[in-house]
Amino acid sequence: MTLGELKKGQKAKVLQAPVSQGTGERLREFGFVPDAILEILAEAPFGGDPILVMIHDTRVAVRRDDARGIQVSLLQP
Amino acid sequence: MSETQASLPTLVLVGSPNCGKTALFNALTGLNHKVANYPGVTVDWAEALSRKQFGPAIKILDLPGTYSLNPQSDDELLTKQIIQREGHYPIQADVLVCVADVNHLSLHLRLVMEVIALGQPMVLAISMVDQAEKFGTMPDLKELEQALGIPVRAVSALKNRGLQELMDTIHEVHAKSIQPRTLSLPQEPVGRIHFLNNLLRKVQPNAMKRGSGWTDRIDRWLLHPWLGPVALMLVFLLIFQAIFSWASLPQDWIEGGMGNLGVWAGGFLPDGLLKSLIVDGLISGVGAVVVFLPQILILFFFLLILEDSGYMARAAFLLDRLMRGVGLNGRSVLPLVSGFACAIPSIMSTRIMGSRRERWVTILITPLMTCSARLPVYTLLISAFIPERHIFGFLNLQGFVLFALYVGGIASALMVAWVIQKFGWVGGASSFVMELPTYRWPTSLNVIRGLYDRGLAFLTRAGTFIMSVVIILWFLSTFPLPPDNATLPSIHYSFAGQMGQWLEPIFAPLGWNWKIVVALIPGFAAREVLVGALGMVYAIDHTIADEQQITALSSILSHELTLAAAVALLVWYVFAPQCFATFAVMQKETRSWRMTAAGFFYLLALAYMFAWMAHGLTEALA
């Protein structure tokens with residue numbers, strides 16, 4: 001599954017880093033690389049998009065479309 | 001810059017956004033800085049000498065924050081070019097000082113590792129350690145130094161701690177040209193992240209217990225699906241309220257002061273052209289602009305606090321979905337909100353936007369946000385034509401019209417963005433990735449410095465650009481001089497009067513006579529000048545008080561113009577491409593004449609079209 005499908009409160013582990021230039025690069029710099037643990041802190045109003053992701057010590061707001069390039073596996077709560 | 005300053009060693013501050021770099025800069029330099037701005041390049045950075053108390057003077061530069069040396073936006077590109085000594089900037093960095101927030105070492109040290117790889121003399125400053133000490137999350141500095149191979153110092157700009165030690169270290173690194181011992185640091189991004197995570201587990205084992213839990217607690221309310229937007233609306237309402245009510249008192253002072261200055265100067269200058277230039281031209285023309293200083297400062301006061309505290313990023317998060325609907329993203333929110341004060345700083349603030357497409361569209365629609373220069377024009381026309389009564393029993397009709405003009409500006413800005421997206425006129429993809437920083441108390445020094453910069457920039461503009469335009473306008477409306485037996489006000493015989501009569505047929509469908517057209521011409525230099533220009537055209541007595549002049553003017557206008565023509569004029573002001581400075585900045589920021597021309601002509605077309613429609617509609621209804 002991808003980061004773009006997660007709901008508020010879910011935790012996951014990154015399997016595959018985003019590959020695209022630009023946005024993908026920025027996401028890798030924010031720490032979206034294999035084995036990183038992340039948690040969805042919030043979903044924006046008006047449709048739950050973008051989402052707010054906690055990764056390492058960083059809160060990153062990202063659109064679900066941009067988050068679909070990141071493969072994750074859900075961690076059981 | 002003097003010879004002695006040019007030979008001083010230069011220290012460049014480098015760090016990620018929100019790392020506390022600017023607070024450190026302010027603490028090291030005080031307020032004696034200047035914003036450097038080199039002609040022809042879209043750059044600026046702050047530059048200052050270190051405070052005397054820290055020992056021998058050293059030049060300090062504060063560059064835009066960046067997450068990596070792999071730039072995604074124009075301001076990040078500048079930082080990369082300067083520290084890698086690319087491009088043609090008059091800067092030679094002797095020592096690089098990387099700044100990393102102690103609470104975000106995992107993110108901020110990634111940039112530090114990239115900088116280490118450059119092999120230049122450098123120091124790492126760990127910032128905001130006052131919080132870390134409180135929460136017991138201080139990293140082991142000795143171990144960090146060991147692992148990274150560079151000197152590491154802990155500082156707190158807020159509490160003024162560790163600054164002397166940092167400066168001493170900088171002097172030592174510079175004197176001995178100490179380079180990083182980059183022996184075994186991984187070079188590719190994923191390796192860096194894993195290296196840092198392992199390192200931080202060792203040197204900062206308590207990091208996860210940090211005190212940012214309260215950021216999550218605040219976000220639970222401020223990012224709540226429906227309380228969040230409500231809070232955002234309240235914040236914007238508060239700002240508007242402040243701009244329009246708090247500013248009126250200082251504005252009265254400025255107007256009074258300028259009036260007195262005119263009377264004082266008029267008192268000893270002999271009658272004639274010089275007096276006319278100084279009193280009617282310079283003092284009243286520049287005064288008409290300076291009067292907006294309080295509104296601009298109040299708006300920026302709030303914007304600086306919202307930015308410094310971390311709330312602006314939340315506003316971008318909350319509004320991204322709406323902005324996406326018209327092909328923009330959450331980052332457009334800050335420039336568009338600044339547009340309510342003035343389009344110029346607002347266009348400059350689009351530099352932080354990553355995507356060129358979204359940046360350009362934001363620049364194109366920014367002039368539609370109702371800037372404070374339109375306000376005096378709106379006020380004059382509304383008081384002359386809109387009856388002071390209530391609709392639906394409680395709404396003040398005049399206030400409602402003013403509100404409608406603001407909403408009209410916002411709505412048309414969003415519609416234009418939507419149309420540009422619909423027809424794909426500006427190419428490029430849309431995305432939104434943004435860090436939401438930990439909430440933080442804004443520091444007073446940051447806010448004061450920010451206000452000082454913006455106020456100074458505004459006054460410089462008033463003192464240079466607007467002053468030269470005012471002189472040209474004075475010339476056009478004074479020469480040729482009226483004949484000796486003239487019966488009409490002198491403007492009738494001037495170049496401006498002739499231009500107005502020549503342009504009259506073009507604007508006749510909007511219901512305007514040549515006098516209105518004459519007054520519109522200076523409005524292209526600065527919108528608010530319309531009020532003064534109308535006063536000149538209708539030869540309002542300058543010696544009476546400002547308020548009486550406005551009252552006299554509005555009673556003349558209500559006879560001169562039909563209601564339909566006045567509504568057309570209001571609508572014209574919502575759209576018209578006025579204030580040449582906006583387009584100068586547009587050209588400078590986009591470096592595209594095509595873009596600037598497109599911006600000018602689409603606004604002109606919309607202004608004429610909607611003013612014509614408003615004229616027809618009002619006539620039909622009335």
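The shown structure was predicted, so the numbers you read here are calculated from the model rather than taken from an experiment.

A. Structural view of the interface of chain B and chain A. Contacts between chain B and chain A engage 31 residues on the former and 28 residues on the latter. At the level of secondary structure, the elements contributing two or more residues to the side of chain B that touches chain A comprise α4 (105–116), α8 (189–203), α9 (213–222), α10 (227–245), α14 (311–325) and β10 (433–435) of chain B. With five residues, the top contributor of residues to the side of chain B that touches chain A is α14(B). Split by residue class, the side of chain B that touches chain A holds 17 nonpolar, eight polar and six charged. The pairing of strand β4 (residues 58–62) of chain A with β10(B) spans three bridges and is classified as antiparallel. Bridged to A:Val60 within β10(B) is B:Glu435.

B. Representation of the pairing of strand β1 (residues 10–15) of chain B within the structure. Residue and element names in this part refer to chain B. Judged by how many residues are buried, β1 sits mostly within the fold: five of six residues are covered. In terms of strand pairing, β1 meets strand β4 (residues 59–62) through four bridges, oriented parallel. Directly across from Leu11, in β4, lies its bridge partner Ile60. Where β1 lies against strand β5 (residues 95–101), five bridges are found, and the strand directions are parallel. Residue pairing in the sheet places Gly15 in a bridge with Val99 of β5.

C. Region of interest: helix α17 (residues 356–365) of chain B. For α17(B), a buried count of nine out of 10 residues is recorded, marking the element as mostly surrounded by other parts of the structure. Listed in full, the buried residues belonging to α17(B) are B:Arg357, B:Glu358, B:Arg359, B:Trp360, B:Val361, B:Thr362, B:Ile363, B:Leu364 and B:Ile365.

D. Focus on the nonpolar core. Residue and element names in this part refer to chain B. One finds Val12, Val97 and Cys98 to be the most contacted residues of the largest nonpolar core, which totals 190 residues. Here the element with the most residues in this core is helix α25 (residues 563–575); it accounts for 12 residues. Once residues within four sequence positions are removed from consideration, Val12 is found in contact with Leu61, Leu63, Ile82, Ile83, Ala93, Leu96 and Val97.

E. Examining the environment of B:Pro186 more closely. All names here are of chain B. As for its position among the elements, Pro186 is in the loop between α7 (163–176) and α8. Of the residues examined, Pro186 has 14 C-beta atoms within 10 Å and is grouped as partly exposed. With sequence-adjacent residues up to four places away left out, Pro186 is seen in contact with Gly191, Arg192 and Phe195.

F. Spatial organisation of the sheet that holds strand β5 (residues 71–75) of chain A. Spatially, six strands are ordered β5(A)-β1(A)-β2(A)-β3(A)-β4(A)-β10(B) in an open sheet, and the strand pairing comes out antiparallel. One side of each edge strand has no neighbouring strand; the edge strands of this open sheet are β5 of chain A together with β10 of chain B. Taken pair by pair, the neighbouring strands of this sheet meet at an average axis angle of 35°, ignoring direction.

G. Quick peek at the packing of helix α26 (residues 580–590) of chain B against helix α27 (residues 593–621) of chain B. All names here are of chain B. Look at α26 against α27: their axes get within 8 Å of each other, and the N-to-C directions meet at 150°. Two packed elements cross with a definite hand, and for α26 against α27 that hand is right-handed. Of the residues in α27, those in contact with Phe583, Met586, Gln587 and Thr590 of α26 are Trp593, Met595, Thr596, Gly599 and Phe600. Along the lines of polarity and charge, the residues of the contact of α26 with α27 split into five nonpolar, four polar and no charged.

Conventions adopted
- Residues numbered from 1 in each chain as written.
- Chains lettered and ligands numbered in written order.
- Predicted model: local features only at pLDDT ≥ 70, side-chain atom pairs only at ≥ 80, totals over all residues.
- Contact = placed C-beta atoms within 7 Å.
- Helix = DSSP H or I, 4+ residues; strand = E, 2+ residues; numbered from the N terminus.
- Nonpolar A, V, L, I, M, F, W, Y, C, P; charged D, E, K, R; others polar.
- Pairing = 2+ DSSP bridges.
- Buried ≥ 20, exposed ≤ 12 C-beta atoms within 10 Å, placed from the backbone.
- Core = buried A, V, L, I, M, F, W, Y, C linked by C-beta atoms within 7 Å.
- Axes fitted to C-alpha atoms, helices over the stretch in contact; angles between N-to-C directions.
- Left-handed = near helix turned anticlockwise from the far one by under 90°.

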